[in-house]
Amino acid sequence: MHMELRQLRCLVAIVDEGGFTDAALTLGVSQAAVSRTLASLEQTLGVRLLRRTSRSVTPTATGARVVAQARRVLAEAEELLRVTTSGEGALRIGYAWSALGRHTPAFQRQWAAAHPGTELQMVRVNSPTAGLAEGSCDLAVLRRPLEDRRFDSAIVGLERRLCAMAADEPLARRRSVRLADLSGHTLLIDRRTGTTTPELWPPDSRPATEETYDVDDWLTAISTGRRIGMSAEATASQYRRPGVVYRPVRDAEPVAVRLAWWRDDPHPAAQAVIELLTALYRTP
C-alpha cells in the first residue's frame, strides 16, 4: 500500500469545501486532477470514501473515519515540517539519576522565557546514554564520558562528589569525609549510569561494593545504615530522603556534567542549551 499526503489533502479539501469544484480551487489544481487523486486513494484503500450525487458530496461511514484520521496525519506532518525547519516544537532532555540538581528549576524557567515556542521536557531514562540511543530524548545530561562514537558531547559544568549515608552513621557527624574514611564500608554503585567506581580508591584500600539499578532503591538501602553511596551533588538536590544525609568527599575529583547528542544529527537547540547550562553552572 502506497499512500501520499496529497491524496489525504485532496480528500479533506473535498469534504471541507463540499465538492470537487471548490476543492480544486482551494488546492490550485484542476477538477479532473481532484477526481483522479480521490480515485487513486479509494483504489489504494480498497473502499469507497465519498457518496456523490448531482447536489452533494458526503463521506461514507468508512470515509468519515478516514477523513478524521487524515486530519490527524496532516496535522502531524505540518508539525514535523515546522520542527525541522524552525527548530521549534518539543525539546526532550534525558537524564539517568539526577537532572541538573539545584539548577533544574532555573534552567526550566529561563528556557521557557527565552524559547517560548520550544516546550522543554525532562525525561528520566536509566540507561548509559540517558535515553539518547533509545530515541527517548533529543539531548542527554550525562555524568561520565561516552565511549560510543555515535555521540558527541560538551562539558557544561562540574559537581562535587558527595557521600550518602544514614543519619545515625558516625561519619554523619562530620562536615566532610575522605575516601579513606569510606574504605571499610559497603558501597552501592550503578555500573550502567553511575559515576562511582572502586577505581577512585587505591588498590589496597577499595571498599566492598554491591550493585544497584535505581536511585530509589539506592536511597532505601542507604537509609537502613547497612550501606553507603557516593554520587554527584545533583543527587543531593534532586533526592532528599528522611534518614539520609550527604557529606562532601573532599579528596575526590569533581564530576563533569556533559550534554550529549547524536554526532551525525545534532539537535538545532544543542548550542543554546550548552550556553544556558554553562552559565548556570558558573553561577555561585
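Novice: Just give me the short version of the sheet that holds strand E8 (residues 186-189), but keep the residues and values in it.
Specialist: Pairing is mixed in the open sheet, where 5 strands are placed in the order E9-E8-E10-E7-E11. Of all strands in the sheet, those with a lone pairing partner are strand E9 (208-211) and strand E11 (244-248), marking the two edges. For this sheet the average axis-to-axis angle between neighbouring strands, irrespective of direction, equals 35°. Strand direction decides the pairing type here: E8 and E9, joined by 4 bridges, are parallel. Counterpart to Thr186 in the pairing with E9 is Ala208.

Novice: So what's going on with the nonpolar core? Residues and values would help.
Specialist: Phe107 and Val273 are the most contacted members of the largest nonpolar core, which has 23 residues in total. Counting residues per element, the ones that place at least two in this core are strand E3 (89-95), helix H5 (104-114), strand E5 (139-142), strand E12 (255-262) and helix H9 (270-282). At 7 residues, the largest contribution of residues to this core is made by H9. If near-sequence neighbours (up to four positions away) are discounted, Val273 is found in contact with Leu91, Ile93, Phe107, Trp111, Leu139 and Leu259. Membership of the second largest hydrophobic core comes to 19 residues, among which are Val12, Ala24, Val57 and Leu74.

Novice: Give a detailed account of the environment of Leu132, specifying residues and quantitative values.
Specialist: Within the element layout of this structure, Leu132 appears in the loop between strand E4 (118-124) and E5. Classification of Leu132 as buried rests on a relative accessible area of 0%. Sequence spacing of Leu132 and Gln271 is 139 residues, and the spatial spacing of their C-alpha atoms is 17 Å. Setting aside residues up to four positions removed in sequence, Leu132 forms contacts with Cys137, Asp138, Leu139, Ala140, Phe151, Ala260, Trp261 and Trp262.

Novice: Account for the pattern of salt bridges, naming residues and giving values.
Specialist: Counted under the stated rule, the structure contains 14 salt bridges. Put simply, Arg92 and Asp138 hold a salt bridge, and the shortest N to O gap is 3.1 Å. Pair noted here: Arg92 is in strand E3 and Asp138 is in the loop between E4 and E5, with a separation of 46 residues, a long-range link. On the basis of relative accessibility, which here comes to 26%, the residue Arg92 falls in the partly exposed class. The salt bridge involving Arg191 is made with Glu211; its shortest N-O contact spans 3.2 Å.

Criteria and cut-off values
- Each chain carries its own residue numbering, running from 1 in the direction its sequence is written.
- Where local features are concerned, this predicted model is filtered to residues with pLDDT of at least 70; where side-chain atom pairs are given and counted, the filter is 80 or more; whole-chain, interface and lining totals use all residues.
- Neither water nor hydrogens contribute to the side-chain values; these are computed over all heavy atoms in the structure.
- DSSP bridges decide pairing: two strands pair if at least two such bridges lie between them.
- Secondary structure elements follow DSSP: runs of H or I of four or more residues count as helices, runs of E of two or more count as strands, with numbering from the N terminus.
- Geometry is summarised by axes, namely lines fitted to C-alpha atoms with helices restricted to the contacting stretch, and by angles between N-to-C directions that run from 0 to 180 degrees.
- To qualify as a nonpolar core, a set must consist of buried Ala, Val, Leu, Ile, Met, Phe, Trp, Tyr and Cys residues joined through side-chain atoms within 4.5 Å.
- Classification of residues uses two cut-offs on accessible area relative to the type maximum, computed with a 1.4 Å probe and protein chains only: under 20% is buried, over 50% is exposed, and between them is partly exposed.
- For this analysis, residues touch if any pair of their heavy atoms sits within 4.5 Å.
- By salt bridge we mean one thing: a side-chain nitrogen of Lys or Arg within 4 Å of a carboxyl oxygen of Asp or Glu.

Bear in mind that shape data such as this cannot, by itself, settle questions of function.
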